[in-house]
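Each chain, letter by letter, is given below.
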Amino acid sequence: MKVSVLGAAGYTGGELLRLVHGHPELELVQAVSRRYAGRPVAELHPNLHHLGLTFQAPQELDRVDTAFLALPAGASAEVEAGVGERAGTIVDLSPDFRRGAHSASGDPYRTGLPELFGDELPGARRISVPGCNATAAVLALAPLRRAGLVTGDVVVDARAGSSGSGAEPGPASHHAERGHAFRVYRPAGHRHETEIAELAGVRARMTVTAVPAVRGVQVICHVTPPRPVTRRDVLRLLQRDYRDSPFVRVVARGRGVHRMPDPQFLSGSNFVDIGCAVDEDGGRIVMVAALDNLVKGAAGGGVQSLNVARGLPEDTGLEFPGLHPA
C-alpha cells in the first residue's frame, strides 16, 4: 500500500514516517510539508537520515492508497476533500473528524481505537484517531463502565510531556519555562472531557499538567464504585476485557519499584500500560494508564487502526517494546 504523510515535519509526522518505513506492507512514497517543501527530511528528523527523503509540497500529492493527516486542529478539515480525491483511505490524527463526523465524500469517520471499536474498522476508508490523553483515560475507564463500577463523575488527572505541544515553539514550551516545570495548564474544561464521555460513556472532570519530560502521557483516574471492590476484582476485569488486545498490558505487580504504569518505559512503543489501586474500604478505584503520546496516542494508533481496516495482523510493524532504562 502506497502511503503519503501530510504534516510530515511535525513530531507526529516524523513518527509516522518512521513507522510506515518499517512496516512490511506499507510503502512510504511522500513526506508532505507546506513550510519545508524542498528541504531534506533529515533536517527536521535526524533519526531518519537513512531514508534520503525530501519534503514535498501539498500540491505535489501523488495518488496513494492511504494518506495520513498529521496536521494541526482545523487544517485537516480544510484539505480533506482534496486529499480524498487522491487517496483511497484517510487516517486523520487531528481533532477535526472525531466521533460521528463524516468526510466530504460522505464516508463516516471510524474511531481509530481498535481495543474498543475494532468491529467498526474493517474496510473503513476514513479513520479518526482519538487524542492521546483521551486514549489513555478511555482504555482505563471503559472496562469499569461496562461492569457497572462507575458512579458519578470521574476525576482524571493527566500529566503530559512537552512533545504533545507540537514542534512549533512558543512561550510556554521554551526550555527555560518548561524544562523543570510542573505547570497545570488546563485545570478545568479540557476538550478531552467530551471525548472521554463519548468514547468511554463516563463523565470526566479533567486536569492536565505539563511535566518535565519530552514524550509520554500518564493519567490517574479516580472512580467511585457503587459497591466495595478489591484490587483483584479490578485486575481480573482488565485482564478479561483486554485478553485479545495485543497493545494493552495490565500491570499487576504488587512489589518492586515499577508497580504502576510509567510512560518512560513506553517511548517509541505502541503499548498502553494500565494498572490500578483500591482503597482499603473498597470505596475508591484509582486507575493508572501510561502511553507514548506520539505513538499509541497518535501515529502508532493510526497505523494499528489501518492494519485492522485492511485485514492485517493488528501488530504489524508495531512490535517495538520500548526501552529500559530510558
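Given the structure is predicted, the values throughout are model-derived calculations rather than measurements.

## Thoughts on the sheet that holds strand S4 (residues 87-92)
Taken together, the six strands give an open sheet; going across it, the order is S2-S1-S3-S4-S6-S5, and neighbouring strands pair in parallel fashion. The two strands at the open ends of the sheet, each matched to only one other strand, are strand S2 (27-32) and strand S5 (110-111). Here five bridges tie strand S3 (residues 64-69) to S4, and the two strands are oriented parallel to one another. Each bridged residue has a counterpart across the sheet, and for Leu 69 the counterpart in S4 is Asp 92. Sheet strands in contact with helix H2 (residues 75-84) are strand S1 (2-6), S3, S4 and strand S6 (126-128), and its direction is about 160° off that of S4.

## Observations regarding the side chain of Thr 66
Note on placement: Thr 66 falls in strand S3. The exposure class assigned to Thr 66 is buried, which follows from its relative accessible area of 0%. Among all residues touching Thr 66, those that are not within four sequence positions of it are Lys 2, Val 3, Ser 4, Ala 87, Thr 89, Val 91 and Leu 306.

## Some thoughts on the pattern of salt bridges
A full pass over the atoms with the stated rule returns 16 salt bridges. As a salt-bridge pair, Glu 15 and Arg 215 come within 3.1 Å of each other at their nearest N and O atoms. A residue pair is termed long-range when its members are at least 10 positions apart, and Glu 15 in helix H1 (residues 11-21) and Arg 215 in the loop between strand S9 (204-210) and strand S10 (217-224) qualify at 200 residues. On the basis of relative accessibility, which here comes to 27%, the residue Arg 215 falls in the partly exposed class. Across the pair Asp 273 and Arg 249 runs a salt bridge whose closest N-O atoms are separated by 2.8 Å.

## Focus on the sheet that holds strand S13 (residues 285-291)
Adjacent strands of a sheet pair through backbone hydrogen bonds, lying either parallel or antiparallel. Judged by pairing direction, the sheet is mixed, and its seven strands sit side by side in the order S8-S9-S7-S10-S13-S12-S11 without closing on themselves. One side of each edge strand has no neighbouring strand; the edge strands of this open sheet are strand S8 (183-186) and strand S11 (248-250). For this sheet, the mean angle separating the axes of adjacent strands, direction not counted, is 25°. Two elements, strand S7 (residues 151-160) and S10, share seven bridges in a ladder whose sense is antiparallel. Directly across from Arg 159, in S10, lies its bridge partner Gln 218.

## Notes on the packing of aromatic side chains
Taken as a whole and assessed by the stated rule, the structure comprises three aromatic pairs. Taken together, a centroid distance of 4.5 Å and an interplanar angle of 15° make the contact between Phe 97 and Tyr 109 stacked. Taken as a pair, Phe 97 in the loop between S4 and S5 and Tyr 109 in the loop between S4 and S5 lie far apart in primary sequence, twelve residues in all. You'll find Phe 97 and Tyr 109 in the same group, each marked buried. Aromatic pair Phe 247 and Phe 271: ring centres 5.5 Å apart, planes at 65°, arrangement edge-to-face.

Procedures and definitions
Residues numbered from 1 in each chain as written. Predicted model: local features only at pLDDT ≥ 70, side-chain atom pairs only at ≥ 80, totals over all residues. Heavy atoms only, no water. Pairing = 2+ DSSP bridges. Helix = DSSP H or I, 4+ residues; strand = E, 2+ residues; numbered from the N terminus. Contact = heavy atoms within 4.5 Å. Axes fitted to C-alpha atoms, helices over the stretch in contact; angles between N-to-C directions. Buried < 20%, exposed > 50% of the residue type's maximum accessible area, 1.4 Å probe, protein only. Salt bridge = Lys/Arg side-chain N within 4 Å of Asp/Glu carboxyl O. Phe/Tyr/Trp six-rings, centres within 6.5 Å; stacked < 30°, edge-to-face > 60°.

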